[in-house]
Amino acid sequence: MPKHFPSHQYTIERIMRSLQQPILPRCLRGSQQLFTHLPAYTTNSGKSPSWTFSAQRAYHPRPSSYETAVSKDFTLERPTLSSLPSSGSTLKDSTWKKVPVSKGKRRGVILAILAIGSMWAISDDAKHRYMAVKRTLRVFYALVRCLRDYQYTLRFKAQDGHEWQAVLKACHKRCAERTLEVLEQNGSIFIKLGQHLSSMNYLLPEEWTKTFVPLQDHCPVSSYDSIAAMVLKDTGSPLDEHFDHFAKTPIGAASLAQVHLATMKATGQTVAVKVQHPALEEWVPLDLFLTRTTFSIVKFFFPEYDLEWLSNEMESSLPLELDFALEGNNALHTKEYFYKMHDSPLVVPDVIWGMKRILVMENVSGHRTDDLRYLDSNGIDRDEVSAALARIFNEMIFGDTPLHCDPHGGNIAIRKNNDRRKPNFDIILYDHGLYRDIPKQLRRDYAKLWLAVIDADEIGMRKYAYDVAGITDDQFPLFASAITGRDYINATNSVVSKRLDQEKEEISSAMGEGMLQELVQLLGKVPRIILLILKTNDLTRSLDENLHTREGPVRNFMILARYCSKTVLQEQVEIISQNGSIWWPSNLLRLVGAWTSFMRVEVKLSVYEYYISFRRFARLSPIASI
């Protein structure tokens, strides 16, 4: 041990006394590294347990004041900020003062850290105890820094609009980068959480979602030895009894699993073997607890930002995603369902066999849908890809099949198909762990809601928003923006027009002016299935925007309208058939009326689609809106 790191022996009594001293709060601010080694926990027979560990303190020069201690995190980025420091200056040179934090709140955070450490100290594995405490301290260290950062920043909400936005965005960016570092270091389900947050641009500020984008492609990789040990444990036989060859390096890694190429021993077929990260079994319980506790602490300090519904959704969905046998069944069901639709370009890799943590599938590879160079060089029409994606996911929402609730860019691939004339591509769908059944009546009300949105029928929108999610008139403007990804004026006027950068900027600014707080509260009240539908809508909208299509959202909204009108027709036919024979004069008239309404929409959309195709063939400018 280096001489300049003195060793100290602590007992639980000394730790409790130290809570009255300022050393721990200072440590949480980054002035010291308090615990860098926690090697032992002992119990004495017949006595109460006691902590015994050596702590190495890395001493650094202490700042002369609290303002100096936090100044490195508060460098402002705008040239002039009224009474705030000028660009390049820090709080040390300003007149900002320390925000008083109640002792109760400070002790609550400290006790939460100690409580979690105590819970996991009872393990028999010293290395596990050490890593559990380390993971916990990472989370709460970042949490405390972010909470204090936001407390200081929110003091200046009364500043001029542009100045306040600059300060708030800088705070968002700092906190997002701190959080990203923790998510990457802890791995496990924290990567999954970050991927989810990166797609929630209808809820989170842009600084958060963009910072988390790298988590979609850069995930931890488990070692070959750990994978081999897991296969032996789960199947009772080593890898070489299942496969003639098993590539040691994975071809892809995700938050929960990684994929290796292998050759089946019995058939010689090349397969893709999806294996769960072995460490998940050890850390998922703790990480779920940390996630839930983090959101609870955020709610305690900022009651208006209640994100506990997000941790609740993770706790209900994660066990399903970790069961690869269930994922295999979902994949086979989806494959069979879309196989009957001969014009669908969807390809789902066949499942050969699967267990809870191992899934052996047909090897089907492709390129990302946003690989525009690949699409253009192979003559694949971006607009056709966008339309195909719209049909696939609208079929899942409104058809008689469960909904794939995680269609981000890493779970969808595209490849050229030379066997068909139209289309000349296949869309490959991976990762079938997270599926949800949408109740029939909810599908129908949701269809009516979207028909009202497309028709700019605000009265109908309000009615079906209440039927779908219990949305009141006061909540409606915010809900309309959430489901469409548009500001309220466009959501109730011309939702099919292309989103301009100015509109995106206005929505981002509104998030900082109170809309975020209201949206968080709103989403905490709507049914969970609606949250998953919103997530799917937002992910598919993002996929479409990344394709940079010529037609924008116009064609996709026409496809959506077709599915909605078909769903409404099916409901009307079912209602008519419940009132006796469909050939009764009164029922027949009602059927003709329902069919006429459906065909009016169908003909209108067909004519408009041919018109768009003609303009594209004639190389005319695309249509801005319907």
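Everything that follows concerns the structure shown earlier in this document.
Because the structure is a prediction, the values reported are computed rather than measured.

Rules and cut-offs
- Residues numbered from 1 in each chain as written.
- Predicted model: local features only at pLDDT ≥ 70, side-chain atom pairs only at ≥ 80, totals over all residues.
- Heavy atoms only, no water.
- Salt bridge = Lys/Arg side-chain N within 4 Å of Asp/Glu carboxyl O.
- Helix = DSSP H or I, 4+ residues; strand = E, 2+ residues; numbered from the N terminus.
- Buried < 20%, exposed > 50% of the residue type's maximum accessible area, 1.4 Å probe, protein only.
- Phe/Tyr/Trp six-rings, centres within 6.5 Å; stacked < 30°, edge-to-face > 60°.
- Lys NZ or Arg CZ within 6 Å of the ring centre and 35° of its normal.
- Disulfide = S-S within 2.5 Å.
- Axes fitted to C-alpha atoms, helices over the stretch in contact; angles between N-to-C directions.
- Parallel < 35°, antiparallel > 145°, perpendicular 65-115°, else oblique.
- Left-handed = near helix turned anticlockwise from the far one by under 90°.
- Contact = heavy atoms within 4.5 Å.
- Nonpolar A, V, L, I, M, F, W, Y, C, P; charged D, E, K, R; others polar.
- Core = buried A, V, L, I, M, F, W, Y, C linked by side-chain atoms within 4.5 Å.
- Pairing = 2+ DSSP bridges.
- Expected span 1.5 Å × (residues − 1).
- Arc of directions from axis to C-beta.
- Patch = residues over 30% accessible without salt bridge, like charges linked within 9 Å, V, L, I, M, F, W, Y side chains within 5 Å.
- Areas by Shrake-Rupley, 256 points an atom, 1.4 Å probe, with all protein chains shown as cover.

1. Structural notes on the pattern of salt bridges
Oppositely charged side chains can form a pair if their charged atoms are brought close together. In total, this model carries 27 salt bridges according to the counting rule given. For Arg178, the salt bridge identified is with Asp149, shortest N-O distance 3.1 Å. With a gap of 29 residues between them, Arg178 in helix H6 (residues 161-186) and Asp149 in helix H5 (residues 126-153) connect regions that are remote in the sequence. Taking the relative accessible area as the measure of exposure, Arg178 reaches 10% and is therefore buried.

2. Some thoughts on the packing of aromatic side chains
Each aromatic ring pair is described using two quantities: the centre-to-centre distance and the angle formed by the ring planes. Applying the stated criterion to the full structure yields nine aromatic pairs. Considering the side-chain rings of Tyr224 and Phe246, the 6.2 Å spacing of their centres and the 45 degrees angle between planes classify their relative orientation as tilted. Of this pair, Tyr224 sits in helix H9 (residues 224-235) while Phe246 sits in strand E5 (residues 243-246); the two residues are 22 residues apart in sequence, bridging distant segments of the chain. On the accessibility criterion, Phe246 (9% relative accessible area) is buried. Both rings, one in Trp595 and one in Phe598, keep their centres 5.6 Å apart while their planes meet at 45 degrees; by these two values the pair is tilted. Residue Trp595 and its partner Phe598 are located together in helix H22 (residues 585-617), separated by three residues, close to a single helical turn. Linked through ring pairs, Phe398, Tyr446, Trp450 and Phe557 together constitute an aromatic cluster. Between Arg135 and the ring centre of Trp283, over which it is positioned, the NZ or CZ distance is 4.7 Å. The side chain of Lys248 reaches across the aromatic face of Tyr224, ending 5.2 Å from its centre.

3. As for the state of the cysteines
All told, the structure shown has zero disulfides when counted by the stated rule. Free of any disulfide, Cys146 has its nearest cysteine sulfur in Cys175, 3.7 Å distant. Classification of Cys146 as buried rests on a relative accessible area of 9%.

4. Some remarks on the packing of helix H7 (residues 189-198) against helix H11 (residues 308-321)
Taken N-terminus to C-terminus, the directions of H7 and H11 make an angle of 120 degrees; their axes are 12 Å apart at the nearest point. In terms of orientation, H7 lies oblique with respect to H11. In this structure, H7 crosses over H11, and the sense of that crossing is right-handed. Contacts between H7 and H11 involve Ile189, Lys192, Leu193, His196 and Leu197 on the former and, on the latter, Leu310, Met314, Leu318 and Glu321. Residue composition of the contact of H7 with H11, grouped by class: six nonpolar, one polar and two charged.

5. Notes on the nonpolar core
Leu203, Trp309, Leu449, Phe479 and Ile530 are the most contacted members of the largest nonpolar core, which totals 119 residues. Each residue touching Leu449, except ones within four places of it in the same chain, is listed here: Met461, Tyr464, Ala465, Val468, Phe479 and Ile483. Within the second largest apolar cluster, 13 residues are counted, among which are Val231, Ala262, Val271 and Val275.

6. Quick look at the sheet that holds strand E9 (residues 346-347)
Taking strand neighbours across the sheet as the criterion, the four strands line up as E9-E15-E14-E12 in an open arrangement whose pairing is mixed. Bordering the open sheet on either side are E9 and strand E12 (367-368), each of which pairs with just one other strand. Direction of pairing for E9 relative to strand E15 (residues 425-429): parallel, over a ladder of two bridges. Paired with Leu346 across the two strands is Ile427, which belongs to E15.

7. Some points on the pairing of strand E7 (residues 257-264)
Sheet topology places E5 next to E7; three bridges connect them, and they run antiparallel. From the neighbouring strand, Phe246 faces E7, where its bridge partner is Ala262. Following strand E6 (residues 252-253), the chain reverses through three residues before pairing antiparallel with E7. In this structure, E7 lies alongside strand E8 (residues 270-276), joined through seven bridges in antiparallel fashion.

8. Some details on the packing of helix H14 (residues 382-398) against helix H15 (residues 440-454)
Relative placement of two packed helices is described by the angle separating their axes and the distance separating the axes. Contact geometry of H14 with H15 gives a least axis separation of 9 Å together with a crossing angle of 130 degrees. The orientation of H14 with respect to H15, classified from their angle, is oblique. On the side of H14, the interface is formed by Met396, Ile397 and Phe398, while H15 contributes Arg443, Tyr446 and Ala447. Looking at the contact of H14 with H15 residue by residue, the classes come out as five nonpolar, no polar and one charged.

9. What about helix H16 (residues 458-469)?
Over its 12 residues, H16 extends 16 Å from the first C-alpha to the last, a length consistent with the 16 Å expected when each residue adds 1.5 Å. Every buried residue belonging to H16 is among Gly460, Met461, Tyr464, Ala465, Val468 and Ala469, and all of these are buried. Considered in projection along H16, the buried side chains sweep an arc of 130 degrees and stay on one side of the axis. Along H16, the residues that are exposed and aim more than 90 degrees away from the buried face are Ile459 and Tyr466. Backbone geometry just after H16 places Gly470 at a positive phi near 70 degrees.

10. Observations regarding a nonpolar patch on the surface
A cluster of nonpolar side chains, namely Trp595, Met599, Val603 and Val607, defines an oily patch on the protein surface of about 370 Å² accessible area. With respect to the element layout, Met599 can be found in helix H22. Met599 sits in the partly exposed class, given a relative accessible area of 30%.

11. A word on unusual backbone geometry
A positive phi angle, close to 55 degrees, is found at Ala456, a residue other than glycine. Relative to the helices and strands, Ala456 resides in the loop between H15 and H16. Here His548, not a glycine, exhibits a phi torsion of approximately 50 degrees, which is positive. Relative to the helices and strands, His548 resides in the loop between helix H20 (528-547) and helix H21 (554-577). A residue is classified by how much of its surface remains accessible, and His548, at 54% relative accessible area, is exposed.

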